[in-house]
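For reference, the chains in residue letters:
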Amino acid sequence: MAQFDQTLNSMIDALGCSNKELAAACELSASALSRYRNGNRKPTSTGKTVARLAEGIASIAQRVGVTEYSDAATVQQRLLDSLSNKSRSLAFADKLNSLMNTLGLYNTKLAEYIGIDASYLSRIRAGYRYPAHVREFAMRCARYATLHADHSTQAPLAALLKAQNPALSLPSFNDTDAIEAAIVSWLTTDDNSRTAEQEDALGFLKSINDFDFGAFYENVHRESTSCSNLTDTHARDFLQHPHAELAYAVEDMRETYLQLYRIASLSPKSRELFICSGLPMDELLGDGAYYTRWTAALLDVLSSGVHVSLIHNLDRSYREIIRSLIVWLPLYATGMVTPYYLEGVHDRIFRRAHFVSNAAALYGECIGDDVSNGMHRLTTEPQSVRYYQRKAEIILDHAKPLMDVYTIKDVGCFEKKMAELSSTRGDDTSYLSSLPLFTMPPELLQRILERAGLDNSARARLRISAAAQRANVETFLSHSKKHDYIVGFDEASFAPDALRLQTERAFMEETVLCEPSEYAEHLEATRAFAHAHPNYSFSLIKRTSLNALQVSLRGSSCAIVAKAKGPALVLAIYHPRIAEIIGNLGTLVEDAG
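Rules used in this analysis
Residues numbered from 1 in each chain as written. Predicted model: local features only at pLDDT ≥ 70, side-chain atom pairs only at ≥ 80, totals over all residues. Heavy atoms only, no water. Core = buried A, V, L, I, M, F, W, Y, C linked by side-chain atoms within 4.5 Å. Buried < 20%, exposed > 50% of the residue type's maximum accessible area, 1.4 Å probe, protein only. Contact = heavy atoms within 4.5 Å. Salt bridge = Lys/Arg side-chain N within 4 Å of Asp/Glu carboxyl O. Helix = DSSP H or I, 4+ residues; strand = E, 2+ residues; numbered from the N terminus. Pairing = 2+ DSSP bridges. pLDDT = per-residue confidence, 0-100. Phe/Tyr/Trp six-rings, centres within 6.5 Å; stacked < 30°, edge-to-face > 60°. Lys NZ or Arg CZ within 6 Å of the ring centre and 35° of its normal. Axes fitted to C-alpha atoms, helices over the stretch in contact; angles between N-to-C directions.

1. Focus: the nonpolar core
- Membership of the largest hydrophobic core comes to 71 residues, with the highest contact counts inside it found for Tyr257, Tyr261, Trp294 and Trp328.
- Excluding anything up to four places from it in sequence, tyrosine 257 contacts Leu279, Leu284, Tyr290, Trp294, Ala353, Phe355, Leu362 and His376.
- Among the nonpolar cores identified, the runner-up in size contains 27 residues, and Leu103, Leu110, Ile114 and Ile183 belong to it.

Written out as structure tokens, the structure reads:
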């Protein structure tokens, strides 16, 4: 069962309403509703808040015609059911306590082995805390457990691990690595369901999977009014007569962003735009109409040749992080945005925004999530702009790359990065919607390309990409292991997408399909490759949730997401927290064959 925040957000998404609109309907403050949506706070099951939420949701559902949520009593019961659902911290605590009791492990000894304070471990065991890096924490617990398991505890431990999944086939207890992996999987999996973080990460990947930048761009420019004559007039006035303006109301604050972007588009001096914001995005972006204008204004900035350096604030709930990444996805696709992050804890009480180009600067602030009582200052005064530019330089000096975004114009840089990663140790797991290009014999690839009727340039690009992938994988397998989950094909049940040639890493948007006989030949070549390379293995599956993506996971240090169309795009994600969550998404695989 979903957690309260997931249930609430799914209802809001179905209604298509803004945070502000629902807050008004429920007679709650927008900041309080944001905290419920982000999972930072939960209402009590006995208070009036759940009833208010249900009545507000039902009233909007009746107005917009969403019958599923039009009955307040039904909505209230769903919200109450999600409140009674055991939190992930309690679920993890139950399992950890069961493991320690089964093996007779002492709190102080385990804490010392893990390298944490015994009181902190006690809070985790009581369900008051959830490990910040849960997989690493689980791995250390599992390693300690295997060190202290003996013949008398093997049967109870096996029963404990199999209680969640009776069909589980446990490895031999002599294989300590495999037992450790089984314990880690058991600790970090909530009754074979996805955690809230996994659901959010999968939502991010599905957004990439389904995204069509061409259609989005056309829609934004058809519906947007961001480039109205009024906006242009105001922006030109800022440029011709440098001055500063303050904004206090939320609607006025939103307009300052559009003004800043328009100034950056119009100014011949603008070549860089720096963005760093810790303000709550849901409140500022508001409804879909404003988001369309906001995106269109930024696209105008990028199309005028301005590059954006974006500092993502990752010191917030995982849901907020993922929502922020999804908001920025259309801008990543331009190849003109470089995302960064700052390590360490940020100030969550006094929250700030800092935007600056060569021509203008925007500073914003609020207390907590209360944007309605915040302030924004937009200025084109040269001294102020220089001050904020110096701040931006200092922040960028301390920032780390969140991800690299590669498009067709970055092929050389992408190949260089893949060659670099091939020499980095760490096992690799990939989820592929078709057989890998690196196992295809060159002569088979040549036959398919000739039959497909591609021009010489496209053929050459795909051959070069296949050869580079083959060389990189050979280097990688010389020191590390790789396992691929590959969507298979048969006429009875397997997905026809499996016949599609892997073109993502060649940044080719053309669809090239194999004949079934060519697929069979490629499959045999893949089996032969696995036989010749002991560090390589693969499994055929019936489908994945992500039929347009290839996802490669290098432990918890890097996740590479490649998309073939709309546009051809590769994201190499380096932030350990995001890469780890994507790396734990075993639920990418469905209906394993």
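2. Here's the deal with the pattern of salt bridges
- Tallying each qualifying case throughout the model produces 17 salt bridges.
- A salt bridge links arginine 78 to glutamate 68; its shortest N-O distance comes to 3.1 Å. Pair noted here: arginine 78 is in helix H5 (residues 72–84) and glutamate 68 is in the loop between helix H4 (49–64) and H5, with a separation of 10 residues, a long-range link.
- A relative accessible area of 34% means that arginine 78 is categorised as partly exposed.
- Of the charged contacts in the structure, one is a salt bridge between arginine 293 and glutamate 255, with a shortest N-O distance of 3.1 Å.

3. Considering the pairing of strand E14 (residues 558–563)
- Across the 6 residues of E14, 6 count as buried, placing the element largely inside the fold.
- When strand E13 (residues 549–554) meets E14, the two strands line up antiparallel, connected through 6 bridges. Of the residues in E14, the one forming a bridge with glutamine 550 is alanine 562.
- Here E14 folds back onto strand E15 (residues 569–573), and the loop between the two strands holds 5 residues, one of which, glycine 566, carries a positive phi near 70°.

4. Side note on the confidence of the model for the chain
- Summary statistics for the chain give a mean pLDDT of 83 and a share of 84% for residues scoring 70 or more.
- Segment residues 225–230 is flagged for pLDDT under 50; beyond a separation of four residues in sequence, or across chains, it makes 9 contacts in the model.

5. Looking at the packing of aromatic side chains
- Considering all chains together, one arrives at 16 aromatic pairs under this definition.
- Ring centres of phenylalanine 529 and tyrosine 536 lie 5.4 Å apart, and the angle between their planes is 80°; on these two criteria the pair is classed as edge-to-face. Each member of the pair, phenylalanine 529 as well as tyrosine 536, is classed as buried.
- The cationic tip of arginine 254 hangs over the ring face of tyrosine 290; the distance from NZ or CZ to the ring centre is 5.6 Å.

6. Remarks on the sheet that holds strand E6 (residues 361–367)
- Here 8 strands make up an open sheet; going across it, the order is E1-E7-E6-E5-E2-E3-E4-E8 and the pairing mixed. Bordering the open sheet on either side are strand E1 (244–247) and strand E8 (400–401), each of which pairs with just one other strand.
- One ladder, built from 6 bridges, connects E6 with strand E7 (residues 370–379); its direction is antiparallel. Looking across to E7, one finds that glutamate 365 is bridged to methionine 375.
- Strands in contact with helix H19 (residues 382–398) are strand E2 (272–277), strand E3 (307–312), strand E4 (337–341), strand E5 (350–357), E6, E7 and E8; relative to E5, the strand with the most contacts, it is inclined by about 110°.

7. Focus on unusual backbone geometry
- Despite not being glycine, glutamate 27 shows a phi value in the positive range, around 60°.
- You can see glutamate 27 is positioned in the loop between helix H2 (19–26) and helix H3 (30–38).
- Residue glutamate 27 is classed as exposed on the basis of its relative accessible area of 63%.
- One non-glycine residue, phenylalanine 507, lies in the positive phi region at around 55°.
- Inspection of the secondary structure puts phenylalanine 507 in the loop between strand E11 (482–487) and helix H23 (516–532).
- Given a relative accessible area of 3%, phenylalanine 507 falls into the buried group.

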